[in-house]
Amino acid sequence: MGLLNELNKRILIGDGAMGTILYAHGVDQCFEGLNLTHPDHVLHVHEAYVQAGADVIQTNTYGANYMKLARYGLEDHVSKINTAAVRIAKQACKNSGFLLGNIGGIHGAQTGRGRKEDIKRSFREQLYSLLHEGVDGLLLETYYDVDELITVLSIAREETNLPIIANVSMHESGILENGISLPDVLQQLEQLGADVVGINCKLGPHHMVKSLQSVPLPKKAYLAAYPNASLPEYRNGKLVYANEPLYFKRRARDLRDQGVRLIGGCCGTTPEHIHALAAGVKGIEPLYDKKVEQQPKIKMLVNGPVKAQPLHEIARERHSIIVELDAPKHLDIDEFLIGAKALKDVGIDAITLADNSLATPRICNATMATIIKREIGMTPLVHLTCRDRNLIGLQSHLMGLHTAGIREVLAITGDPTTIGDFPGAKSVFDVISFKLIELIKQSNQGVSFSGKSLRKKTAFSVACAFNPNVHQMGKAVERLERKIMSGADYVLTQPVYSSEKIRELSDATKHIETPIYVGIMPLTSTSNAEFLHNEVPGIQLTDTVRDRMRAAGDDREAAINESIAISKELIDTALDHFQGIYFITPFMRYDLIVTLVEYINGKLAARNKQTVILNEGL
């Protein structure tokens, strides 16, 4: 009898965690690689689950795809590892029970890494290896990214008629990280051809039961649940799941009462947990009819009117100027405030504040942004780096910015810690800039990173960074297009020191409607020019500019005059091709920026006057 026929008649018990048991026995490496190096370890785990009463065994292939195996240098062994996994599991089953080929999600919890085409290619390679060895079905599990699961499910359904179990993972009860409700997602997966739909990982039995209360019985498919043992704690350098297996016996009946036909375990579960599940549903008929509890809808509060016009809208209407003025590396903010006031008086549109640029700690940019907004009345643009904060910190930081009335953010991946004051510090990089942009835009829909309601919609205008100082502008533009597709509203470039490069940038981005602010950073000396050119990533000076600064010698006044002349030439070109200018202030020399802004104001006033004369002449 096939798997689906058995599910039609009775509740089946799945197995539990593979990695948890291996980890508990001192294995702290690529678990899937053990299929080749220590197959007996894997076999013993499978056999323990069969003896515990599991009807359904999954192969030890959760991360056995090209992209994940590459972390261990095993990317060329995808086929061997998956082939060995099936053969080991078959040996454990001994032709009793059902064997599922396990294919785990690649994105994981919100990492957003990997292009869709790479994921497709990686999935197909693993899929074909499992199908070739002959499994009874496929288990697609731990998919936080619904789009990824939809993509791979569609591929799998085209390639095989075997039963497919599609399990999503949630951070919050009943809702996915993109804000879609669990019932809607499971219905969509059923429509796409999944034979069993359900949930696994992250949540324990309590929250899985709670999540399933709003899920009706599928029309054709069956429901599955693979809960974690409990919430883990960190003890003596290891993650420990302290839940008692007998608790699973009581909760097995609760899962059955929500209509679940396939019940197994995920992280932290052991053969003892699976034995308890089997005992909990022994002799109990499956649920054939279910009354769904309607969940109350969370009321979305209405935001007050946004007073300041977003920068990306300003740049569409007229020329716009923003200035980066870094927060101090010390606690004396007087000079900073004087500079910010001078810049406001000259008429710029916003002050941007880097987020510990070059991995060097400064006063929190959110704090300084709040001060200049309150005390100076200046619009702040806050940079937000993925380097220093995990997803918890990023979410909290954005909620704080919104609450403080700060609406402009620049999402960047961030400089590596190795170049800063603390080269031994660890970089976080839970996400990179592309995914961060998407998550900020998700908060604009009132949905948190984990999918739950924020009860208000944020109103962030999101900038992204772009480096035009590259040899292959086309490749860089493709990357920029991906950021815009992720939701970026406008673009800030790295400093440019060539009029030719500005024109090249204009030609390469003429098809892009998103406003671009061209970066210009005045030089302060020939030493400064050489340092930027030779030691700072992403900045490249022309030989002509370096020669001109070198010719000024050690005369500070001459160097500044030459720097201003160079900057004005760049401004002239930039104003002809772009609406936005992004000044980066060197060494708190805001006086240089004031001079250049006054120059721009004069040029724009002259242009406007000329336009008026021409119109009157017509």
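Residues numbered from 1 in each chain as written. Predicted model: local features only at pLDDT ≥ 70, side-chain atom pairs only at ≥ 80, totals over all residues. Heavy atoms only, no water.

Draft legend 1. Examining unusual backbone geometry more closely. Unusually for a residue other than glycine, T142 sits at a positive phi of about 60 degrees. On the secondary structure map, T142 appears in strand 4 (residues 137-143). The backbone of M588 shows a phi angle near 60 degrees, a positive value even though the residue is not glycine. Within the secondary structure, M588 is located in the loop between strand 18 (580-584) and helix 23 (590-617). (Helix = DSSP H or I, 4+ residues; strand = E, 2+ residues; numbered from the N terminus.)

Draft legend 2. Layout of the pattern of salt bridges. Applying the stated criterion across every chain, the model contains 32 salt bridges. Two residues, K501 and E504, come together in a salt bridge whose shortest N-O distance is 3.3 Å. Note that K501 and E504 are positioned in helix 19 (residues 499-508) at a spacing of three residues, about one turn of the helix. Under the relative-accessibility criterion, K501 is labelled buried at 14%. Classification of E504 as partly exposed rests on a relative accessible area of 31%. E562 is paired through a salt bridge with R548; the nearest N and O atoms lie 2.7 Å apart. (Salt bridge = Lys/Arg side-chain N within 4 Å of Asp/Glu carboxyl O. Buried < 20%, exposed > 50% of the residue type's maximum accessible area, 1.4 Å probe, protein only.)

Draft legend 3. Up close: empty space enclosed by the protein. Throughout the structure, instances matching the rule amount to one cavity of 30 Å³ or more. Considering only enclosed or pocket space, the largest cavity measures out at about 30 Å³ in volume. Lining the largest cavity are N65, I103, G104, I106, I119, F123, Q126, Y143, E148 and V152. Sorting the residues of the lining of the largest cavity by element identifies strand 3 (98-104), helix 7 (116-133) and helix 8 (146-159) as the ones contributing at least two each. Element by element, the count of residues in the lining of the largest cavity is highest for helix 7, at three residues. (1 Å grid on protein atoms, 1.4 Å probe; cavity = no way out; pocket = protein on both sides within 12 Å on 5 of 7 lines; lining within 4 Å. Points joined across faces, edges and corners; volume = space filled by probe spheres on them.)

Draft legend 4. Structural context of the nonpolar core. I348, I351, I440, L492 and F583 are the most contacted members of the largest nonpolar core, which has 97 residues in total. Ignoring any residue separated from it by four or fewer positions in sequence, one finds I440 in contact with L384, L398, V409, A411, T458, F460 and V462. (Core = buried A, V, L, I, M, F, W, Y, C linked by side-chain atoms within 4.5 Å. Contact = heavy atoms within 4.5 Å.)

Draft legend 5. Examining the sheet that holds strand 11 (residues 320-324) more closely. What the eight strands build is a closed barrel, ordered 11-12-13-14-15-16-17-18; its pairing is parallel. Strand-to-strand twist in this sheet, taken as the mean axis angle between neighbours without regard to direction, amounts to 25 degrees. Relative to strand 17 (residues 516-520), strand 16 (residues 490-495) is paired through three bridges, and the arrangement is parallel. Across the sheet, residue L492 finds its bridge partner in strand 17, namely Y517. (Pairing = 2+ DSSP bridges. Axes fitted to C-alpha atoms, helices over the stretch in contact; angles between N-to-C directions.)

Draft legend 6. Quick peek at helix 15 (residues 365-376). If you check helix 15, its first and last C-alpha atoms are 15 Å apart, about what 12 residues at 1.5 Å a residue would give, namely 16 Å. The set of residues buried in helix 15 consists of N365, A366, M368, A369, I371, I372 and I376. Residues of helix 15 that are buried sit in contact with helix 14 (334-345), strand 12 (350-353), strand 13 (380-385) and helix 16 (391-403). Once helix 15 finishes, G377 follows within two positions and takes phi at roughly 75 degrees, a positive value. (Expected span 1.5 Å × (residues − 1).)

Draft legend 7. Seen up close, the environment of A315. With respect to the helices, strands and loops of the structure, A315 is situated in helix 13 (residues 311-317). Between the alpha carbons of A315 and C364 there is a distance of 27 Å; along the sequence they are 49 residues apart.

Draft legend 8. Region of the structure containing the side chain of T83. Along the chain, T83 falls in helix 6 (residues 78-93). Owing to a relative accessible area of 15%, T83 belongs among the buried residues under this scheme. Here the side chain of T83 touches S79 through a polar contact of 2.8 Å, landing on its backbone oxygen. (Polar contact = N/O pair within 3.5 Å; in protein donor to acceptor, adjacent residues only side chain to side chain.)

Draft legend 9. Structural detail: helix 17 (residues 433-443). Counting buried positions over the 11 residues of helix 17 gives nine, a clear majority of the element. Among the residues of helix 17, those classed as buried are S433, F434, K435, L436, I437, L439, I440, Q442 and S443. Against strand 13, helix 16, strand 14 (408-412), strand 15 (461-466) and helix 18 (473-486) lie the buried residues of helix 17.

Draft legend 10. Structural view of the environment of M18. When you line up the elements, M18 lands in the loop between strand 1 (12-13) and helix 2 (19-24). Separated by 31 residues in the primary sequence, M18 and Y49 have C-alpha atoms spaced 9.7 Å apart. Not counting chain neighbours up to four residues away, the residues in contact with M18 comprise V42, V45, H46 and N60.

Draft legend 11. Layout of the pairing of strand 10 (residues 260-263). Sheet analysis places strand 1 next to strand 10, joined by two bridges and oriented parallel. Bridge assignment links I13 to a residue of strand 10, and that residue is I263. Relative to strand 10, strand 7 (residues 222-226) runs parallel, the two being bridged by three bridges. If you follow A225 over to strand 10, its bridge partner there is I263.

Draft legend 12. Highlighting the packing of aromatic side chains. One pass over the structure, following the stated rule, counts one aromatic pair. Across the ring face of F434, the terminal group of R482 is positioned such that the distance to the ring centre comes to 4.2 Å. We note K483 situated over the ring of F434; from NZ or CZ to the ring centre the distance is 5.8 Å. (Phe/Tyr/Trp six-rings, centres within 6.5 Å; stacked < 30°, edge-to-face > 60°. Lys NZ or Arg CZ within 6 Å of the ring centre and 35° of its normal.)

Draft legend 13. Examining the state of the cysteines more closely. Under the definition given, this model contains zero disulfides. Of all cysteine sulfurs, the one in C201 lies closest to C266, which takes part in no disulfide; the gap is 3.9 Å. Residue C386 stays outside any disulfide, its sulfur separated by 13 Å from that of C464, the closest cysteine. (Disulfide = S-S within 2.5 Å.)

Draft legend 14. Just the sheet that holds strand 2 (residues 56-58), in detail. Taking strand neighbours across the sheet as the criterion, the eight strands line up as 1-10-7-6-5-4-3-2 in an open arrangement whose pairing is parallel. Since the sheet does not close on itself, it has two edges, and those belong to strand 1 and strand 2, each with one partner. Both strand 3 and strand 4 contribute to a ladder of five bridges, which runs parallel. Its bridge partner being in strand 4, N102 is matched across the sheet by L139. Against the sheet, helix 7 engages strand 3 and strand 4, with an angle of about 170 degrees to strand 3. Lying over the sheet, helix 8 contacts strand 4 and strand 5 (164-168), oriented at roughly 170 degrees with respect to strand 4.

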